[in-house]
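# Structural overview
What follows is the residue order along each chain.
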Amino acid sequence: MRARYPYRPGWAQAAAFLISLLCGSAAWGQSKTWDGAAGGGDWHTGSNWDPDGVPGSGDTVYNTESGCVITISADATCAVLQFHPGTQLTIATACVLTVTASSAAVFQCNGATLATTGTGLISVTGGVASGEMFQGTMTIGNFVWNDPSGNSMYVRANNTVTCSGSFTITKG
């Protein structure tokens, strides 16, 4: 005769909850593609993204069209930026785009301009696994990278990054 294990109330519910946390898109982030459906170029308009909704800290942000102009007019967050040539991302005065940098090639923006106005800032706050921060030839504005793990950062061979503002690297 097989031994029967006592029933443990709530065990199945707890397991289902843990699985949903580990597998849910919110835990790992989503791919968010700029479609500009709402018009106006505002990063913070959810219907400008596919799927709809403003990107968050775990999301990889894509733009698959050349010549888009996207404006960040309040603080914003994402994990990775991948933009096509001719894209212009402008971060307004006193606003910060925080990139959580959880993977390699945080900025894949060949031919893109990541501009800042006034005190606008691009801030990278995480460690880059392989150290490859920039992939492509691009122009960036005010930039801060604070890597708590002390990884090195590099620009891929035959790529150029031009900084039109301040460029700061710290180990946090």
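Let me sum up the structure you'll find in this document. (Residues numbered from 1 in each chain as written. Predicted model: local features only at pLDDT ≥ 70, side-chain atom pairs only at ≥ 80, totals over all residues. Heavy atoms only, no water.)

## Things to note about the pairing of strand β6 (residues 80–83)
- Neither face of β6 is left uncovered, since the one carrying V80 and Q82 and the one carrying L81 and F83 both have all their residues buried.
- Looking at chain direction, β6 and strand β9 (residues 107–108) are connected through two bridges and run parallel. Within the sheet, the bridge partner assigned to Q82 lies in β9 and is Q108. (Buried < 20%, exposed > 50% of the residue type's maximum accessible area, 1.4 Å probe, protein only. Helix = DSSP H or I, 4+ residues; strand = E, 2+ residues; numbered from the N terminus. Pairing = 2+ DSSP bridges.)

## Quick word on the pairing of strand β10 (residues 113–116)
- Across four bridges, the pairing between strand β7 (residues 88–91) and β10 is parallel. Counted as the bridge partner of T90 is A115 from β10.
- Where β10 lies against strand β13 (residues 138–140), two bridges are found, and the strand directions are parallel. Residue pairing in the sheet places L114 in a bridge with I140 of β13.

## Observations regarding the nonpolar core
- Among the nonpolar cores identified, the biggest contains 29 residues, and W43, L81, F83, L97, F107 and L114 are the most heavily contacted of them.
- With sequence-adjacent residues up to four places away left out, F107 is seen in contact with L81, V99, L114, I122, V124, M133, F134, Q135, M138 and F143. (Core = buried A, V, L, I, M, F, W, Y, C linked by side-chain atoms within 4.5 Å. Contact = heavy atoms within 4.5 Å.)

## Describing unusual backbone geometry
- Going from D50 to P51, the amide bond is cis rather than trans, its omega being 0 degrees.
- Along the chain, P51 turns up in the loop between β2 (49–50) and β3 (60–63).
- Here A94, not a glycine, exhibits a phi torsion of approximately 70 degrees, which is positive.
- Following the sequence through the fold, A94 ends up in the loop between β7 and β8 (96–99).
- Residue classification places A94 among the exposed positions, given a relative accessible area of 57%.

So far we have only geometry, and geometry alone does not tell us how the molecule works.
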